[in-house]
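So the chains spell out like this:
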Protein chains: 2
Amino acid sequence: MGKQLNIGLLGMGVVGSGVCQVLAEQKEAILARTGVSVQITKALASPYEDKSALAAKYGFALTNEANELFEDETIDVIVELIGKIDPAKAFISAALENKKHVVTANKDLIATHGPELLAIAEKAGVSLYYEASVGGGIPILRTLSTHYLPDTITGIFGIVNGTTNYMLTKMTEVGMTYEDALSQAQAKGFAESDPTNDVDGIDAAYKMVILTKFAFGKTIHVADVATKGIRGLAVADIKQAQAFGYEVKLIGAAQKTVDGSLTVSVGPVLVPKNHALATIQNEFNGIFIESEGIDQSMVYGPGAGSRPTATSVVADLTVLAKNKSFGIVEPFLTFEKETALASVEEVPSRHYVSFSSQEIKGNALPEWFAFEQTVFNEADQRIAGITNPMSEKELTEKLATYTDAQDIQIMKVMEE
Amino acid sequence: MGKQLNIGLLGMGVVGSGVCQVLAEQKEAILARTGVSVQITKALASPYEDKSALAAKYGFALTNEANELFEDETIDVIVELIGKIDPAKAFISAALENKKHVVTANKDLIATHGPELLAIAEKAGVSLYYEASVGGGIPILRTLSTHYLPDTITGIFGIVNGTTNYMLTKMTEVGMTYEDALSQAQAKGFAESDPTNDVDGIDAAYKMVILTKFAFGKTIHVADVATKGIRGLAVADIKQAQAFGYEVKLIGAAQKTVDGSLTVSVGPVLVPKNHALATIQNEFNGIFIESEGIDQSMVYGPGAGSRPTATSVVADLTVLAKNKSFGIVEPFLTFEKETALASVEEVPSRHYVSFSSQEIKGNALPEWFAFEQTVFNEADQRIAGITNPMSEKELTEKLATYTDAQDIQIMKVMEE
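Cut-off values and rules
Residues numbered from 1 in each chain as written. Chains lettered and ligands numbered in written order. Predicted model: local features only at pLDDT ≥ 70, side-chain atom pairs only at ≥ 80, totals over all residues. Heavy atoms only, no water. Contact = heavy atoms within 4.5 Å. Buried area = accessible area lost by both parts, 1.4 Å probe. Salt bridge = Lys/Arg side-chain N within 4 Å of Asp/Glu carboxyl O. Polar contact = N/O pair within 3.5 Å; in protein donor to acceptor, adjacent residues only side chain to side chain. Helix = DSSP H or I, 4+ residues; strand = E, 2+ residues; numbered from the N terminus. Nonpolar A, V, L, I, M, F, W, Y, C, P; charged D, E, K, R; others polar. Pairing = 2+ DSSP bridges. Buried < 20%, exposed > 50% of the residue type's maximum accessible area, 1.4 Å probe, protein only. Core = buried A, V, L, I, M, F, W, Y, C linked by side-chain atoms within 4.5 Å. Least-squares fit on C-alpha atoms with pLDDT ≥ 70 in both. UniProt positions renumbered as here; feature names shortened; annotations may be inferred. 1 Å grid on protein atoms, 1.4 Å probe; cavity = no way out; pocket = protein on both sides within 12 Å on 5 of 7 lines; lining within 4 Å. Points joined across faces, edges and corners; volume = space filled by probe spheres on them.

## Let's talk about the interface of chain B and chain A
And step 1. Counting residues at the interface gives 48 residues for chain B and 48 residues for chain A.
And step 2. In total, chain B and chain A occlude about 4,200 Å² of area from one another, counting both sides; carbon and sulfur atoms represent 63% of this.
And step 3. Where chain B meets chain A, there are 2 salt bridges.
And step 4. A salt bridge links A:Glu330 to B:Lys322; its shortest N-O distance comes to 2.8 Å.
And step 5. One can count 10 residue pairs in polar contact (both at pLDDT 80 or more) joining chain B with chain A.
And step 6. The dominant element in the side of chain B that touches chain A, judged by the number of residues it contributes, is helix H12 (residues 306-326) of chain B, at 10 residues.
And step 7. By residue class, the composition of the side of chain B that touches chain A is 25 nonpolar, 14 polar and 9 charged.
And step 8. Where strand S12 (residues 295-302) of chain A lies against strand S12 (residues 295-302) of chain B, 3 bridges are found, and the strand directions are antiparallel. Directly across from A:Val299, in S12(B), lies its bridge partner B:Val299.

Pasting the structure below:
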């Protein structure tokens, strides 16, 4: 009998049932290519729903006791797809301490408690993989840790939240309002009933915490990410940005400054229409990498969804199968590098600005606007323009001397 | 003393000297993350140029005898960057037989003699890696063999030749003629003095042979790829395609047909403007993957150039360093799957067609044109249109009944 990799499953929702299906379909291919048979043998029963039909269909046992999974000596890997911090953190800790490898898609948990969990994994001599936690089905974390290992990344920019990109696409393409776009995203199942994490950029910030570790070797916390969302963004500003030659995208960015420090931010950004990130539509994600060796590259794909995310989870399981066939344990290869964090608000950039023209203090437009890209919109009595390069801090101070408007919209402009 | 991975280098041209530089810059990072020190210790002297300055700068020895590299017991890996079939094939065979791992960027050789060389590697218990042979700096082959292992790919479509994409970009953006675009590509160093392999699609066909193996487990030969190039493509047809809502791109495509067989082709294709491949400019490459699990995804980056390609070569070396630290030998994980090849000319598709209107046999336009996308261009007296779906074979027969024009241009139309 050949080698086996037995899985204990936590979470049988959208992604969890997708993992059951993908594994069943790909079991033979994985066995043929790795020499290891991978199967779910036991799962934690759901307190919300009877999962006995799923268990019967895919041939695994159910238990009401999570510990029964962690203490089962025949189980090699725990797949955690419950999400959120509690009880996922306690479950993963217990699994790792019981020398089970863990595969998870839990970005909140990894971004918040990743170092602690990785330390437990290292001590126990097992692997903690989480490819699906960033970019859904997109191959990004293992690619960064392998292909980009002998490269020096200088910037990583991503559309890493599918919900907001879907909303922005609808607002851009058919002029849908923010509220209608949000309702439609919720109807499509992209946004949860409480969409705060998506629209306020928090979900994207979690992902930038993880990407910053892989790209720059820097452990940061979600509080270190200067985070803005798209809540209340006006279609008029999106249309004006388009007239200036840009698409508005919610961009997570971790970037080296000229003095070698690092800024990490999430916010709506004007992306030049001919930039690869500008063309990414609907719920798709894209992660753009600038580096000394490869120069400019991007990976693109579905940022969410049952099958893509499940396939990414199964890709992690396949690596564990390969490792088992070789008799090795290999962590995600990240690194530690001392890098100072800088405030993105102090880094000069061009900015898109719009505000009510009624509240202007002076007669003439100040010289810090790029005149060829500044307009007065008669319909809604607003001035919209693109500034010359300055820090957001400086811009805010200058604006205060020029207008008393309370409805100022500021967005960074990405250079080509 | 820690572990070492010593390299014997064949080829110190643009990519070879790039490898020297990238390795020197990244040596410490690779050591820190893999525990293995990677260095070039000896290189085959160039018959064309004195390379002693390069050897002195990077601290390796030169030899006039290739066998001295293959028989050197302190050398672990041979990096082959000479290109073409001879003498690269004999060198790589000898290296593998002497139990040296081999890393190469040689697409011609891998596409032509890959199976034979991989068999030698397997017998000798060493690895043959060639990530840089497709897509320059883009992470594609290892990504296919890892992340897409538990997925079923149904189509892989790529802009895999930087020279022709650069030419098409210039012809599209500034209306440059084919001849001028070729001259400029040559001046930029993208196209060689004999540009046949690029403009006739042969280079792209080599890459599709390699991609077809990774995506579908099917070993094919370059003669199996239905190959057309862009030689003599008229700017008028590019402009007309744009008016219809498309960009003309040289696309390599390997695709499952409805009956489960496989077509592999290279040729100019009308790509919808909102498709990710349509936005790829200049010498950049992009490889778009359709699969059952991940759905639609793409990797994008520089398809050529010294540093990107060298970084890809060093990424292979880094994997060999990791393997050495674990004491394992791992081949590129490909697979074998029985799949019939079908002729792309027999698969129905919409087509762009243009021809001299003087040679028309009938009065009315036949019903197999999509009428809303057919125009008469008075300036050059040509009809240009998009047909309803039919095989290229059927289209050619129909056209023969309708026009005697000798200057018919036919290009496939990619569906959205």
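## Regarding helix H4 (residues 88-97) of chain A
And step 1. With 8 of 10 residues buried, H4(A) is to be regarded as a mostly interior element.
And step 2. A:Lys99 lies just past H4(A) and shows a positive phi near 65°.

## What about the nonpolar core?
And step 1. Counting residues in each nonpolar core, the largest one holds 225 residues, and the members touching the most others are A:Ile140, A:Ile156, A:Leu211, B:Ile140, B:Ile156 and B:Leu211.
And step 2. Counting 30 residues, the second-largest nonpolar core is a separate cluster that includes A:Leu277, A:Phe288, A:Met298 and B:Ala278.

## Side note on the relation of the copies chain B and chain A
And step 1. Once chain B is rotated about the relating axis by 180° and shifted along it by 0.0 Å, it coincides with chain A to within an RMSD of 0.0 Å. With respect to symmetry, the two chain copies, as superposed, fit the operation of a two-fold axis. Judged by C-alpha distance, B:Val299 is the residue of chain B that lies nearest the rotation axis, at 2.3 Å.
And step 2. Residue by residue, 100% of the interface of chain B is reproduced at the interface of chain A, so both copies engage with the same surface.

## Looking at the pattern of salt bridges
And step 1. This structure, assessed with the given rule, holds 36 salt bridges over all chains.
And step 2. Between A:Lys324 and A:Asp76 there is a salt bridge; the shortest N-O distance is 2.9 Å. Taken together, the residues span a long stretch of sequence, with A:Lys324 in helix H12 (residues 306-326) and A:Asp76 in the loop between helix H3 (66-70) and strand S4 (77-80) at a distance of 248 residues.
And step 3. Exposure remark for A:Lys324: the relative accessible area of 28% places this residue in the partly exposed category.
And step 4. Since its relative accessible area comes to 18%, A:Asp76 is described here as buried.
And step 5. When the shortest N-O distance is used, the salt bridge between B:Arg231 and B:Asp200 registers 2.9 Å. Taken as a pair, B:Arg231 in the loop between strand S8 (226-227) and helix H11 (235-243) and B:Asp200 in the loop between helix H9 (196-199) and helix H10 (202-216) lie far apart in primary sequence, 31 residues in all.
And step 6. Here the salt bridges do not stand alone but share partners, grouping A:Lys42, A:Glu68 and A:Asp72 into one network.

## Some thoughts on the UniProt feature "binding site: NADPH" (unreviewed entry) in chain A
Residue and element names in this part refer to chain A.
And step 1. The residues that UniProt annotates with the feature "binding site: NADPH" (unreviewed entry) are Lys107.
And step 2. Assignment of secondary structure puts Lys107 in helix H5 (residues 107-124).
And step 3. With near-sequence residues (within four places) excluded, Lys107 lies in contact with Ser133, Asp203, Tyr206, Lys207 and Ile210.

## Considering empty space enclosed by the protein
And step 1. Enumeration according to the criterion identifies 2 cavities of 30 Å³ or more in this entry.
And step 2. At the level of secondary structure, the elements contributing two or more residues to the lining of the largest cavity comprise helix H6 (141-146) and H12 of chain A together with helix H6 (141-146) and H12 of chain B.
And step 3. Residue composition of the lining of the largest cavity, by class: 16 nonpolar, 10 polar and 8 charged.
And step 4. Each pocket or cavity is described by its volume, and for the second largest cavity that value is around 60 Å³.
And step 5. What lines the second largest cavity is simply B:Ala236, B:Asp237, B:Gln240, B:Tyr352, B:Ser354, B:Asn377, B:Asp380, B:Arg382 and B:Ala384.

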